[in-house]
Every structure is written in structure tokens, then in C-alpha cells.
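Analysis of the macromolecular model
The residues making up each chain are set out below.
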Amino acid sequence: MVEYRKIPATISTQHPDNANLPAWCTGSIIEGNAEIHEIYYAFHDLGCHEVMWDSEGKDVDTRVVRKLLSNYPEYFYENQLGRDIFLTYRIPNPKIEGAERKVVVETLQNMTVACDVASSFYKREVAPIFEVMLPFTTDAKDLLWLHNYYKKAIANAEEIRLDEEITVKDWIGCFQPKAIELIPIIEDYDSIFMVDKILDPFIMSVKPRYMRVFIARSDPALNYGLLCAVLLAKVALSKLHFLSQRREIPIHPILGVGSMPFRGHLSPNNLQNFLKEYKGLSTVTIQSALKYDYPFEQAKNCVSLLNSHLPNGVPPPIDHDAEEKLDSIIRKSASIYGRVVERFAPLINSVASYVPPRRARRLHIGLFGYSRRVGTVSLPRAIPFAAALYSLGIPPELLGGRIFSELKEEEWEIVSEHYVNLRHDLEEAGGYLSWRNIELLKHDSKGVAKRSGMDEERMKEVLKDILSDLEAVERNLGIKLGPATHVQMKHENFANNFLISFLEGDNVAASTSLLEAAKTRRCLG
């Protein structure tokens, strides 16, 4: 297999999971010119190889390349955009987000404008942006349509004749790049199990030189629970490795991860465990909490180590028999987790309203809301979802823990083989469990139900199930849940203050305590 370009190891993203704000941000939200500066900060200060410029669910500056080259010319003269460092668009999926379809057109057209700007800046032909991430990729046609649209409707538009004497190329100039590279984002259960079947027709039709594939980690955790999210990632990595060998094409997996175990557990304090857990990666996301909730030198060192350690080998192979066993385990686990979350949703939504926004986002309907097979509950996105549960003192990692009482011996063996840090992750998350809050929820179930707009009996039932989840985790993994360190004890105090203030309707005190708890655990969610 031949490589044709440098594959970035670290990609800075705009995921709004940070509790603290960077010193250069003047408001409570990172937006506008601050996001332009953030790109430079990610490249120059932190050492990230790549930045995701995200137009899915949020407004972004389409003149980003012009502003970067104008504001920081010396840096970008020395570090060529599109060769040494990379800027990659994430666009809405027209099939999913109908109101945002034309953003796709705007974004793709802007890539040609960026090419003209950069070529003028570098005084040679340069394609500063040539890759696009497509969320919710579920079919090869999603990729083929996007590939063909760019090629036919944008790049080839230069051949359109405006009259008998002039073409678009004569009038406006050439449209570069001539083709774009696509990065499918694979994020739901069925698509992860079919990732090879989704990519194969695209590979055979387009014959790309290489492929990068983004495996989501947050949405699977939100939708199916921690255990399922980790095992699904392992299935995807194995399938991509086999496909790469079969089609003799380099495939470079990207894993989208946050800093707590629920969303991936990539933090400066867990780096070696992370690299051991997820073998076969080429790229990982550096999200906002890692950038801004840890001391600068820790964050920079973490990025540097990732840049030197990725790619990190070959993923453990999962054959057909093992895949069937994992499929059965994942389905059982997702069902147990889903029943708890569905009934707990009113309280989660009530608490999530206190989570401060860190980016300017538009209304977005998450995967959970329209694809759940049991019920039709609507939940926040993964970050405020997790933030709400941590704030309640009930870490989302522990929900659905009863699965550990139902696993047979051979199932335990395969789970232990493919989720290496299971006990470590649950022990880490378990330190943020507040038994005081559990008792308060039980003692004042009537007040909690009223405050969150749910039936009291349903509240009692779901608390009973959560207690069963906690008991199963402690019994089967030998973990003592609850605060064990001074930091975790401090966190429990803030979580306890939050719940009391929430029940009393003291919104100012509740918001303050929620944010202090988030700063203590070094992320919103």
C-alpha cells in the first residue's frame, strides 16, 4: 500500500464540552473571530495536525482561510495549509437535516474560493481544503452523491458555456480542487456493523487513493450506553482493517472521543490506557475540554504524545463467531440501558437546561430522538446529556450496569478481551457517584417528579433500576462506588448543592454549582 499524503494524528474539534473558557475568549461562548483564533491556537500552541471546521448544527465563517492567512501570515508561510497542517469541513447530511441542505452547497463552493485565496497567498497552486466529513453516513450512495455533486456541479461548472464566446472558466477562472476526499462519519448501530459494506461500493466505484473513516464514540454512548459504545468501536476498527487488506487500500480510522470514560476517556491522565484500549487508530479528536480544562502544558504534552504514538498498530481481529457474540451482548446491554434512560429522560432534560452553552449552535435533533426502537423520547446531545447525569451525581457510565449480572462466562471472556480497561473506566467514573444525591432523590421523589414533570411512581421505579445497576457494577467488578479522592469528594459537594438548589428552584445557585462540579471533573460532559 502506498501513502500519498501525511495523515494527521490529532484533529482539534469544536465539540462544546469545556467547562472553562480560554483566556483569549471574551464572552461565555466561543464564536466568530474567536473561533478563527482557535484554529491558530490549535496549530501553533497545542501542535494539532488538523482542525475540523464544523458547519453541522452551527454557523461558521466561510471566509476562514482568507482570515487565517491574513491574520497569521508568518505562521502559515512556514506551515502550508493543505500540506503541513490541515483544515477539514464537517457539513450537514442533506438526507438528515433538511433545513440545512443548502449549507452543503455553500460549503463546497467555498472550497474553491479558499483555493484561489491560498494559491494567491503561496504564489503557487494550493488546495488548502480538500476533505469533507459527512455525518450519519449509512449508505455508499451518501458518499457517491456527495462525490459526484462536487465533481459535476462545482468543479465541472467551469466548462459551462455562457454564450458563444465565453465559458465560466474564461469569466471566473478554474475551479479547484477538481475532486474532494470524503470522510464518512459512522455513528449508529447498524451502520457500524455494516461499515465495510457501506464503504466497499464507494471504494470500487471511485477508487480513492486512501480513505479516512470517522468512528463516532459519543452518540453510540448516548444511544446505547458505555459498554456498547466501546464494543461497537472495536467492531468498526476490525472491519475497517479487514476491508483495507481485502481491497489493498490504506484506511485510516478517526475516533471521536471526549475526556470522560462515557465519551472515550482521552485525557492527559489516561493517555496510555487509551492507546492500549483503541488499537488501530490513525487520528483522534482533541475536543474543547482537553484543550481548556487542563493546564496548558498537560494539554500540549498530550497532543505531542498522540502525534508521536499514532498510528498505534493493528486492531484485534474479530471473526464472524466473535462478532455474533458481541452483537448479542451489545443488543442486550443496549436494551437494559435504554429502558432506564427512556424513563429518566424528563429529569435529564430538566437538568440539561442548566448546562451552559460553549458554542453557538442551532437546534439539532440527535440520533436518539428519531431512531430509538423502544419509545420516542427526545434527549439532549451527548455532552449536555452526560453533563446532566454527572451533575446529578449519577455518572452515565453506570446506567445499564445490570448487564454485568446477566453475562455468561463466555460472554464475560469476550467482553474482557475487547474492552481492556472496563474495570478501570467504571472505577474512574464511579468516583463521581453521589450516594447522598441518590438518597435525596429517593427521599424526595415527589418533589423530584414534580420539578421534572414526570410521574412519581415512574421516578421511584427508575431509581430502583438505577440502584440495581449500581449494585451489579459493584458486585461483578469488585468496585466500591462513590468518592475516593479529595477531588471526587469536592465534586460530590457541588453535585449535592446542585440538586438541592434545583429542587428548591434556585436557578442561580443551581447553575453555579453545576459549573463548579464540571470544572472539578474537567469537562461539562
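To start, this report covers the structure provided alongside it.

Rules of the game
Residues numbered from 1 in each chain as written. Predicted model: local features only at pLDDT ≥ 70, side-chain atom pairs only at ≥ 80, totals over all residues. Heavy atoms only, no water. Salt bridge = Lys/Arg side-chain N within 4 Å of Asp/Glu carboxyl O. Helix = DSSP H or I, 4+ residues; strand = E, 2+ residues; numbered from the N terminus. Buried < 20%, exposed > 50% of the residue type's maximum accessible area, 1.4 Å probe, protein only. Phe/Tyr/Trp six-rings, centres within 6.5 Å; stacked < 30°, edge-to-face > 60°. Lys NZ or Arg CZ within 6 Å of the ring centre and 35° of its normal.

Pairing between side chains of opposite charge can happen when their charged atoms approach one another. In this structure the tally under the stated criterion is 27 salt bridges. With a shortest N-O distance of 2.2 Å, R343 and D465 are connected by a salt bridge. Here the residue R343 occupies a position in helix α14 (residues 320-352), and D465 occupies one in helix α22 (residues 456-477), the gap between them amounting to 122 residues. Of the two residues examined, R343 and D465, each falls in the buried class.

Another aspect to go through is unusual backbone geometry. Of note, the amide linkage connecting Q176 to P177 takes the cis form, showing an omega dihedral of -5°. Tracing the chain through its elements places P177 in the loop between α6 (168-172) and β5 (181-186). Residue P311 is reached from L310 by a cis peptide bond, and omega for that bond is 0°. Looking at the secondary structure, you find P311 in the loop between α13 (296-309) and α14. Here F136, not a glycine, exhibits a phi torsion of approximately 50°, which is positive. Among the structural elements, F136 can be located in the loop between β4 (131-134) and α5 (140-154).

In this section: the packing of aromatic side chains. How two aromatic rings sit relative to each other is given by the distance of their centres and the angle of their planes. In the structure shown here, the tally under the stated rule is 19 aromatic pairs. On the numbers, 4.3 Å between centres and 15° between planes, the contact of Y77 with F121 is stacked. A residue pair is termed long-range when its members are at least 10 positions apart, and Y77 in helix α3 (residues 73-78) and F121 in helix α4 (residues 101-122) qualify at 44 residues. Under the relative-accessibility criterion, Y77 is labelled partly exposed at 47%. With a centroid separation of 5.9 Å and 20° between ring planes, the pair formed by F498 and F502 is classed as stacked. With a gap of four residues between them, F498 and F502 both fall in helix α23 (residues 486-504), about one helical turn apart. Per residue, the accessibility class of F498 equals that of F502, and both read buried. Ring pairs connect the aromatic residues Y40, F43, Y72, Y75 and F76, which therefore count as one cluster. Looking at R451, its charged tip hangs above the ring of F502, at a distance of 4.5 Å from the centre.

So, to be careful, I would describe these as geometric facts and stop short of saying anything about function.
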